[in-house]
Amino acid sequence: MTTALARRLGAACLTAACLLGSAAAQTPQALKIIVPYPAGGTADILPRVVAEKLRAQFPAGVLIDNRTGAGGNIGAEAVFRAEPDGNTLLASPPGPIAINHHLYRKMAFDPSKWEPVTVLATVPNVLVVNPRLPVKNVQEFIAYAKANPGKVTYGSQGNGTTSHLTASLFMQLTGTEMVHVPYKGTAPALVDLVGGQIDVFFDNISSSLPFHQAGKLRILGVADKQRSAALPEVPTFAEQGLPSMNAVTWFAVVAPPGTPAAKVAALQKSFAGALTQPEVQQKFAEQGAEPRGWDPARTGQFIRAESAKWDRVIRSANVRLD
């Protein structure tokens, strides 16, 4: 092979490599949404509903990746350490976004550094009791609990979960004393509540509503600023004399630290657009969820406020997970 030919072949190969590299760089990537909780629950259902509507904007696909464990910290850490290119997001309830760093002494990531994208939805927590309890409203339940200090049992999804902290907030506001019975998730707690093994559960409305409608459980109050559209006949805690009893489960989307603001804004616009679609709103309503779609600034403000609120509850109740 002559020197001139070798040079021409080398130049051709270099050009081909550059073209291939350029094409690879331009190939769109799939949007990966990591959900740090198991499939099937509200935390998993809501992002899947939205993902279906996002696929038209992401030709390479939208993937839901369930990475569970450590109260949501395992999946959250994976997102935290991902490339800040907007292609990997975390969709989660409050735990790994705003609460867990108050519960664990050591964390492998810093929740204060998340780039907030949006809040998908809020779901009000409710006070739900076994019907055998002789109470029909929140004030009657408070009186009953005060008359039976240390005897009323309340279930939770586990230590440090939203249901546990909501019950702690309730006891702090009312001066009541109840016995905590932690479970591994919502389902076993509801089974024992229906069976009468525990007396009360501070659950999100989507899980308890079918049991309330069937007469197997009784929802006494909604811990939100307004009544739930899914349960309009049940008054809020504020309407029943507890204006500070405000506890909602929320589902937010955040990006890794350092994700460009323009990318975050574009992602929020995509999510907000999906949330306006009637099919999405109908499926959210079936979960008792109120679609939000807030912008990054409002989302960040909301997350910080929630973090501060639950930090106060955690400190007062002395809740620790390690």
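Procedures and definitions
Residues numbered from 1 in each chain as written. Predicted model: local features only at pLDDT ≥ 70, side-chain atom pairs only at ≥ 80, totals over all residues. Heavy atoms only, no water. Helix = DSSP H or I, 4+ residues; strand = E, 2+ residues; numbered from the N terminus. Buried < 20%, exposed > 50% of the residue type's maximum accessible area, 1.4 Å probe, protein only. Contact = heavy atoms within 4.5 Å. Phe/Tyr/Trp six-rings, centres within 6.5 Å; stacked < 30°, edge-to-face > 60°. Axes fitted to C-alpha atoms, helices over the stretch in contact; angles between N-to-C directions. Parallel < 35°, antiparallel > 145°, perpendicular 65-115°, else oblique. Nonpolar A, V, L, I, M, F, W, Y, C, P; charged D, E, K, R; others polar. Core = buried A, V, L, I, M, F, W, Y, C linked by side-chain atoms within 4.5 Å. Salt bridge = Lys/Arg side-chain N within 4 Å of Asp/Glu carboxyl O. pLDDT = per-residue confidence, 0-100. Pairing = 2+ DSSP bridges. Left-handed = near helix turned anticlockwise from the far one by under 90°. Arc of directions from axis to C-beta. Polar contact = N/O pair within 3.5 Å; in protein donor to acceptor, adjacent residues only side chain to side chain.

A. Spotlight on the overall build of the chain. When you go through the chain residue by residue, the secondary structure sums to 11 helices and 10 strands. Principal-axis analysis of the C-alpha atoms places the extent of the chain at approximately 100 × 45 × 35 Å. Counting only residues that meet the buried cut, the chain has 50% of its 322 residues in that class. Within the chain, counting contacts between residues at least 6 apart in sequence, those at least 24 apart form 76% of the total.

B. Spotlight on the packing of aromatic side chains. Overall, the coordinates contain 8 aromatic pairs when judged by the stated rule. Between F80 and W114, the ring centres sit 5.4 Å apart and the planes meet at 85°, which makes this aromatic pair edge-to-face. Of this pair, F80 sits in helix 3 (residues 73-80) while W114 sits in the loop between helix 4 (95-103) and strand 4 (115-129), placing them 34 residues apart in sequence. Considered together, F80 and W114 belong to a single accessibility category, that of buried residues. For the ring pair W294 and F302, a centre distance of 5.1 Å and an interplane angle of 70° mean the geometry is edge-to-face. Just as W294 is buried, F302 falls in that class too. Grouped by ring-pair contacts, the aromatic residues F141, F170, F202 and F237 constitute a single cluster.

C. Broad picture of the packing of helix 2 (residues 42-54) against helix 9 (residues 261-275). Direction vectors running N to C along helix 2 and helix 9 enclose 105°, while the axes themselves pass 9 Å from each other. The orientation of helix 2 relative to helix 9 falls into the category roughly perpendicular. In contact with V50, K53 and L54 of helix 2, helix 9 contributes S270, F271, A274 and L275. Split into classes, the residues belonging to the contact of helix 2 with helix 9 amount to 5 nonpolar, 1 polar and 1 charged.

D. Main features of the nonpolar core. The biggest cluster of nonpolar side chains holds 44 residues, and the ones touching the most others in it are L31, V50, L54, F271 and F284. Core analysis: the next-biggest nonpolar cluster, separate from the first, contains 31 residues, L103, V129, L220 and W310 among them.

E. Up close: the side chain of T186. Tracing the backbone shows T186 in helix 7 (residues 186-195). Ignoring anything within four residues of it in the chain, the contact list for T186 reads Q157, F201, D203 and S207.

F. Structural detail: the pattern of salt bridges. What the rule picks out here adds up to 10 salt bridges. Of the charged contacts, one joins R48 and D44 as a salt bridge, the two residues approaching to 2.8 Å between their closest N and O atoms. You can see R48 and its partner D44 sitting in helix 2, 4 residues apart, about one turn around the helix. For R48, a relative accessible area of 35% translates into the label partly exposed. The structure contains a network of salt bridges with shared partners spanning K53, E279 and K283.

G. Local environment of the confidence of the model for the chain. In this model, the chain carries a mean pLDDT of 91, and residues with pLDDT of at least 70 account for 91%. Segment residues 1-26: pLDDT under 50, and 2 contacts once partners within four positions in sequence are set aside and those in other chains are kept.

H. Layout of the pairing of strand 8 (residues 218-222). In terms of burial, strand 8 is largely enclosed, as 5 of its 5 residues are buried. As judged from the 4 bridges shared by strand 4 and strand 8, these two strands associate in the antiparallel manner. Residue pairing for strand 8: V128 is matched across the bridge by I219.

I. A look at the packing of helix 4 against helix 11 (residues 296-317). Between helix 4 and helix 11, the least distance of the axes is 9 Å, while the angle of their chain directions is 30°. Overall, the two elements helix 4 and helix 11 adopt an arrangement that is roughly parallel. The chirality of how helix 4 crosses helix 11 is right-handed. Every residue of helix 11 that contacts helix 4 at I97, A98, I99, H101, H102 and L103 is listed here: I303, S307, W310, D311 and I314. For the contact of helix 4 with helix 11, the residue count by class is 7 nonpolar, 3 polar and 1 charged.

J. Structural detail: helix 4. Counting buried positions along helix 4 yields 8 of 9 residues, so the element is predominantly enclosed. The set of residues buried in helix 4 consists of G95, P96, I97, A98, I99, N100, H102 and L103. Contact partners of the buried residues in helix 4: helix 3, strand 3 (88-92), helix 6 (162-174), strand 9 (248-255) and helix 11.

K. Layout of helix 5 (residues 138-147). Looking at helix 5, one finds that the buried residues are V138, F141, I142 and A145. Here the buried residues of helix 5 occupy an arc of 100° about the axis, which is enough to place them on one side. For helix 5, the elements touching its buried residues are strand 4, helix 6, strand 7 (200-204) and strand 8. Measuring from the backbone nitrogen of Q139 back to the side-chain oxygen at the start of helix 5 gives 3.2 Å, which picks out N137 as the cap.

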